[in-house]
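# Report on the structure
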Amino acid sequence: MTVRVLIADDQELVRAGLRVLLDAQPDIEVIAEAADGAEAIALAQRLRPDVCLLDIRMPGTDGLEATRALAGPDVAEPIPVVVITTFDLDEYVYAALRAGARGFLLKDAGPAMLAEAVHAAARGDALIAPNVTVRLLEAFAGAEPAGGTGSAASAASSVRPGMAGAGVPRPVEPLTARERDVLAAVTRGLGNTEIAGELHISLSTVKTHIASLMTKLGARNRVELAIWALGEGRRRRD
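Cut-off values and rules
Residues numbered from 1 in each chain as written. Predicted model: local features only at pLDDT ≥ 70, side-chain atom pairs only at ≥ 80, totals over all residues. Heavy atoms only, no water. Core = buried A, V, L, I, M, F, W, Y, C linked by side-chain atoms within 4.5 Å. Buried < 20%, exposed > 50% of the residue type's maximum accessible area, 1.4 Å probe, protein only. Helix = DSSP H or I, 4+ residues; strand = E, 2+ residues; numbered from the N terminus. Contact = heavy atoms within 4.5 Å. Salt bridge = Lys/Arg side-chain N within 4 Å of Asp/Glu carboxyl O. Pairing = 2+ DSSP bridges. Axes fitted to C-alpha atoms, helices over the stretch in contact; angles between N-to-C directions. Expected span 1.5 Å × (residues − 1). Parallel < 35°, antiparallel > 145°, perpendicular 65-115°, else oblique. Nonpolar A, V, L, I, M, F, W, Y, C, P; charged D, E, K, R; others polar.

## Structural notes on the nonpolar core
Of all hydrophobic cores here, the largest spans 51 residues; its most connected members are Val5, Leu6, Leu22, Leu53, Leu54 and Phe104. A total of seven residues in this core trace back to one element, the largest contributor, which is helix α5 (residues 111-123). Not counting residues up to four positions away in its chain, the partners in contact with Phe104 are Ile56, Val83, Thr85, Phe87, Tyr92, Val93, Ala96, Leu127, Ile128, Ala129 and Val132. With 18 residues, the next largest nonpolar core counts Leu175, Leu183, Met214 and Leu225 among its residues.

What follows is the structure, given as structure tokens:
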């Protein structure tokens, strides 16, 4: 199935570059472009793409406001949104996840990660840039002072309760040895291509293991996988 994508960025060259990268994928088609959030909302509501790829900083209606309008908790028929930005700022991560985004990437993520994020969003999954995953995990683990109000900690607090700590949920099926290897790599912030290289397995095998882990652990994204691993480690030590 071809994934239909709408791109929104106020820079024409960036839109053109993203279109080239996505149209090069055999199962992704860019169906529309927008130069600001208001145009993105109007086009998305009319064309109903499978995924919207939105820049954060746009004039007028920005990407976060557009995300809330298209994928927020009060939207009756939400459209999956992946937020993409040049700025690696925790407050953007927090705001994007709270607004309903299913993915958060930097513009230098590369074509493989970009395509992976689009496919994940279309499936109803989520993909967050590996370096951001590590920061959220550190915040959740208490890297910031207790009771801190840093935006990374705020973003981590949006993870569903019960994914870590004494009440860590048990897998619906036991994890295999290879799944535990993949989980450990995810917790270190590695992307799928890096995991494949480190474990000497194919990229498709990595994706299969990640999908299996999410199913067994009831996780929605890589952050929740990593947080489950943290909670399981604490439980075993206690």
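We are not done yet, so read on.
## As for the side chain of His209
In this fold, His209 is placed in helix α10 (residues 203-217). Excluding residues that lie within four positions of it along the chain, His209 makes contacts with Arg178, Glu179, Val182 and Ile201.

## Brief notes about the pattern of salt bridges
Between side chains of opposite charge, a pair can form when the charged atoms approach closely. According to the stated counting rule, one finds eight salt bridges in the structure shown. Here Arg48 and Glu77 are joined by a salt bridge, their closest N and O atoms 4.0 Å apart. Of this pair, Arg48 sits in the loop between α2 (37-47) and β3 (51-55) while Glu77 is found in the loop between α3 (63-71) and β4 (81-85), placing the two residues 29 residues apart along the sequence. For Arg48, a relative accessible area of 34% corresponds to the partly exposed category.

## Topic: the pairing of β4
In terms of burial, β4 is largely enclosed, as five of its five residues are buried. Side chains Val81, Val83 and Thr85 of β4 all project onto a buried face; the interleaved residues Val82 and Ile84 project onto the opposite face, where all are buried too. Of the pairings in the sheet, the one linking β3 to β4 comprises four bridges and is parallel in character. Residue pairing for β4: Leu54 is matched across the bridge by Val83. Examined bridge by bridge, β4 and strand β5 (residues 103-106) share four bridges and lie parallel to one another. In the sheet register, Val83 faces β5, and the bridge partner there is Phe104.

## Regarding the sheet that holds β3
Within the open sheet, the six strands sit side by side as β2-β1-β3-β4-β5-β6. Their pairing is parallel. On the outer flanks of this sheet lie β2 (28-34) and β6 (127-128), each paired with one strand and no other. In the sheet, β5 pairs with β6 via two bridges, with the strands oriented parallel. Across the sheet, residue Phe104 finds its bridge partner in β6, namely Ile128. Docked against the sheet, α2 engages β1 (3-8), β2 and β3, running at close to 135° with respect to β2.

## Comments concerning α5
The end-to-end C-alpha distance of α5, which contains 13 residues, comes to 18 Å, matching closely the 18 Å that a straight helix rising 1.5 Å per residue would cover. Along α5, the positions that sit buried rather than exposed are Met113, Leu114, Ala115, Glu116, Ala117, Val118, Ala120 and Ala121. Remark: Gly124 follows α5 within two positions and exhibits a positive phi of approximately 95°.

## Quick word on the side chain of Glu116
You can see Glu116 is positioned in helix α5. On the accessibility criterion, Glu116 (12% relative accessible area) is buried.

## Examining the packing of helix α8 (residues 177-187) against α10
Closest axis-to-axis distance for the α8/α10 pair is 10 Å, and the angle between their directions is 90°. The angle between α8 and α10 places the two elements in the roughly perpendicular class. Only His209, Ile210, Ser212, Leu213 and Lys216 of α10 make contact with α8, whose side of the interface consists of Arg178, Glu179, Val182, Leu183 and Val186. For the contact of α8 with α10, the class distribution of residues is five nonpolar, two polar and three charged.

## Comments concerning the environment of Val81
Structurally, the position occupied by Val81 is in strand β4. Taking the C-alpha atoms as reference, Val81 lies 7.5 Å from Gly100; in sequence the two are 19 residues apart. Here Val81 is in contact with Cys52, Leu54, Thr67, Leu70, Ala71, Ala101, Arg102 and Gly103, once residues within four sequence places are set aside.

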